[in-house]
Amino acid sequence: MKGLFFTFEGGEGVGKTTQLKRAAARLEKEGYHVLTTREPGGTPLAEEIREMLLRPSGENGLHAKTELLLYLAARAQHYYEKILPALEKGSIVLCDRFMDATAAYQGFARGLGLEKVEEMNSWILEGREPDGTVLLYTDIRSGLQRERAVNRLSLEPEDFHARVLEGYLELARRHPGRILALDVTGRTIDEVNRLIMERLRKWM
Ligand SMILES: Nc1ncnc2c1ncn2[C@@H]1O[C@H](COP(=O)(O)OP(=O)(O)O)[C@@H](O)[C@H]1O
Ligand SMILES: [Mg+2]
């Protein structure tokens, strides 16, 4: 694979999108070809699945396993239609949420099993994984307060978000080489950007 694949993870409102855009702008300025994308979504079909998953009013009674499979269906399409071809062409791909989100939210917080979801991710990606993952975290309250876009998952109760964070931190412990866990509490956007760029350079 000629390109590099980096993912941005974390709970609601921690600054994933802000930081991904900053990093993309910086790398583009340096002459890299950068593709930014997001999950769920990233292709027309996967964006339709995103709609189903995130509309705040919809899908009452959505079963946890249905939810998981919809995320994975969207991922398979996104990965093979968009991410992998870009990597084969040598691009740097920055993705806003990816496989760790499914492990933390559906595997850990929804209780479907962290290992089970990691195994399903691995099946979909044929064992491939991101070259590096930036996991941003802060105490859940400040994260949720910052989040402006309301969606079905951001509307979950606080203890759900606490479990998501716990799941993410467990993933960071399991994959210390791939995942950089960055506590953004009290840090400015610029400070966080500097720390992320430092690590991206090491991964590159
Ligand atoms: N380090 C930071 N300090 C203060 N505010 C921040 C910081 N990072 C992001 N924000 C603000 O918090 C809000 C949510 O950020 P966003 O990047 O959309 O989070 P996410 O994509 O993780 O949900 C935005 O208004 C953003 O400007
Ligand atoms: Mg975002």
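Residues numbered from 1 in each chain as written. Chains lettered and ligands numbered in written order. Predicted model: local features only at pLDDT ≥ 70, side-chain atom pairs only at ≥ 80, totals over all residues.

1. Some words on the site of ligand 1
Heads up, the rule is: Nearness is defined per residue: the C-beta atom, placed using the backbone, must lie within 6 Å of the molecule or strand. Each helix corresponds to a stretch of at least 4 residues labelled H or I by DSSP, and each strand to a stretch of at least 2 residues labelled E; elements are numbered beginning at the N terminus.
Among the 15 residues in the neighbourhood of ligand 1, the closest are listed as Gly15, Lys16, Thr17, Thr18 and Arg146. The biggest single contributor to the shell around ligand 1 is helix H1 (residues 16-29), with three residues.

2. Observations regarding the sheet that holds strand S5 (residues 179-183)
Just so we agree on the cut-off: For two strands to be treated as a pair, DSSP must find no fewer than two bridges joining them. In this analysis, axes come from line fits to C-alpha atoms, helices being fitted only over the stretch in contact, and the angle between any two N-to-C directions falls in the range 0 to 180 degrees.
What the five strands build is an open sheet, ordered S2-S3-S1-S4-S5; its pairing is parallel. Sheet topology places strand S2 (34-38) and S5 at the edges, where each strand pairs with a single neighbour. The average angle at which neighbouring strand axes cross in this sheet is 20°, direction not considered. Of the pairings in the sheet, the one linking strand S4 (residues 132-137) to S5 comprises five bridges and is parallel in character. Residue Leu135 lies in a different strand from S5, and its bridge partner there is Ala181.

3. Focus on unusual backbone geometry
Heads up, the rule is: Exposure criterion: with C-beta atoms placed from backbone coordinates, a residue whose C-beta has 20 or more other C-beta atoms within 10 Å is buried, one with 12 or fewer is exposed, and one in between is partly exposed.
Here the residue pair Glu39 and Pro40 is connected by a cis peptide bond, since its omega of -10° sits within 30 degrees of zero. Relative to the elements of secondary structure, Pro40 occurs in the loop between S2 and helix H2 (44-54). Phi at Arg97 takes a positive value of approximately 70°, unusual for a residue other than glycine. Looking at the secondary structure, you find Arg97 in the loop between strand S3 (92-96) and helix H4 (99-109). A count of 23 C-beta atoms within 10 Å places Arg97 in the buried class. You will see that Glu126, though not glycine, has its phi angle at about 50°, which is positive. Structurally, Glu126 can be placed in the loop between helix H5 (114-125) and S4. Judged by the 9 C-beta atoms lying within 10 Å of it, Glu126 is exposed.

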